[in-house]
Structure formats: structure tokens, C-alpha cells
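# Secondary and tertiary structure notes
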Amino acid sequence: DAVTAMERLIQLYGDSGGDFLFDAHYLIGKAKEKEREYLDAANNFDSALTNSSWHENANDARMRRGHAWFEVAESNKDAEVYSRARSSFEEVRGDTEAPLEMRAESAFMMGECMKAQRDYAGAAFLFLETTLNFPSALKWAPKSFEQAIRCYEQAGQAEQVSMIEKQYTDWQRKFLK
């Protein structure tokens, strides 16, 4: 199959590096994602980025790697793996060259990593940070408001819930005219 062929090419030409290695590992990573083999996918995206962190698809690879690590962490509840996912998303969030929606998604996913570990205060902070830094991200800002509210509800902080609900209503008036 195609994955086996790409793996064979990597073995043969792996020392040459550059764009070829990025493309090969990236395509294998995407194939592993489809097969729900998230650990293999994450490792392939990691290999792609090790070889060509400047590649035009590097941020997509970082996002895919983050999602793959998140899936691995969800299956084994390993704090270290959640940290790897969050770190991958953080690389994208900090890249001002990345598209706004991608940066907003990465910030949102950083909050999801914290929420999955029941760090509701840390998660709420990251979700609110997403709404402040990326208010025009019409897909991720509302999700971030909703998740911040859920986190404060989990933490039993009713006063914070009311305040965030008001901010969310204000955001809706401004951005969903």
C-alpha cells in the first residue's frame, strides 16, 4: 500500500532530508490519522517537523500532531501526553504567520487539554484568552465562551459564570450582527 511505499522511500532516502522527508512523514501521518492510529500519526508528524519545520504545511502538521497527541492522551489519561498536545498547539498559537482560525483553534485546544485533566481554572483562563485574542474567529470564540462557562460551573464559581455570560452576550451583539 501507499504507506508502506512511503516508509520504504524514507528508509532508502532518509539521509537526504528536506522537503521530501517532510512530505513523506506528513502523508504517512495523515494516513495513520484516518486509521485512528494516533500514536503513529503523532510520531510521523513529529518526524516531518523535525526535518522541515519551515515547510508550508508545518502548522497543519503541528495541529494534526496536537490532535493526535490529544487522542492518545484521551485514551490513556496521561498528563505528559496532554502536555505534548498542548505544546504542539502552543507552537501554532504563537505563530503570527498562521491563519487566524488556525491560531484560534490551537488556543481553544490548549484549553481542552487542561479541561481534560480537570484543571478547570487553567482551562477557563485559556478559553477566555482565546475570546480576547481571537474575537473575530467566529467558530472558536463562541465555543471558547461556552467552555469557559462550563469550567466555571464545574468549579462552582457562579459569579464568574454570570460575568462570562454577559461578556458572551456582548460579543454576540458585536460580532453576530
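Higher on the page you've got the structure.
Residues numbered from 1 in each chain as written. Predicted model: local features only at pLDDT ≥ 70, side-chain atom pairs only at ≥ 80, totals over all residues. Heavy atoms only, no water.

### Side note on the overall build of the chain
Rule in force here: Helical segments are the DSSP runs of H or I of at least four residues, strand segments are the runs of E of at least two, and each set is numbered from the N terminus. Residues are treated as being in contact if the distance between any of their heavy atoms lies within 4.5 Å. Accessible areas in this description were obtained via Shrake-Rupley with a 1.4 Å probe; residue shielding takes into account the shown protein chains only.
Of the regular secondary structure elements, the chain holds nine helices and zero strands. In the chain, the succession of helices and strands from N to C terminus is α-α-α-α-α-α-α-α-α. With respect to the principal axes defined by its C-alpha atoms, the chain has extents near 60 × 35 × 25 Å. Here the contacts in the chain between residues at least 6 apart in sequence split such that 51% fall between residues at least 24 apart. If you sum the accessible surface of the chain, you get close to 9,500 Å²; carbon and sulfur atoms cover 48% of it.

### Structural notes on the environment of Gly122
Using the following cut-off: Residue exposure (1.4 Å probe, protein chains only): buried if accessible area is under 20% of the type maximum, exposed if over 50%, otherwise partly exposed.
As for its placement among the helices and strands, Gly122 is situated in helix 7 (residues 120-133). Judged by its relative accessible area of 19%, Gly122 is buried. The spacing of Gly122 and Asn44 is 78 residues in sequence and 29 Å in space, taken between C-alpha atoms.

### Section: the nonpolar core
How we decide: What is meant by a nonpolar core is a set of buried Ala, Val, Leu, Ile, Met, Phe, Trp, Tyr and Cys residues, joined one to another through side-chain atoms within 4.5 Å.
Ranked by size, the top nonpolar core spans 48 residues in total, and within it Phe89 and Ile164 carry the most contacts. Only helix 2 (19-34), helix 3 (38-51), helix 4 (58-76), helix 5 (79-93), helix 6 (100-116), helix 7, helix 8 (140-154) and helix 9 (158-175) provide two or more residues apiece to this core. Among the nonpolar cores identified, the runner-up in size contains six residues, and Val3, Met6, Leu21 and Ile28 belong to it.

### Section: the packing of aromatic side chains
Threshold: Between rings of Phe, Tyr and Trp, where Trp is taken as its six-membered ring, a pair exists when centres lie within 6.5 Å; planes separated by under 30 degrees are stacked, by over 60 edge-to-face, and by other angles tilted. Distance and angle both matter: a charge sits over a ring if NZ of Lys or CZ of Arg is within 6 Å of the ring centre and within 35 degrees of the ring normal.
With the rule as written, the count across this model stands at nine aromatic pairs. Between the aromatic rings of Phe108 and Phe127, the centroid separation amounts to 5.3 Å while the plane-to-plane angle is 50°, which identifies the pairing as tilted. Taken together, the residues Phe108 in helix 6 and Phe127 in helix 7 connect sequence positions 19 residues apart. Comparing Phe108 with Phe127, the two get one shared label, buried. Aromatic rings pair up to connect Phe145, Tyr168, Trp171 and Phe175 into one cluster. A cation sits over an aromatic face here: Arg84 above Trp69, 4.7 Å from the ring centre.

### Focus: unusual backbone geometry
Although it is not a glycine, Arg36 adopts a positive phi angle of roughly 60°. Residue placement: Arg36 occurs in the loop between helix 2 and helix 3.

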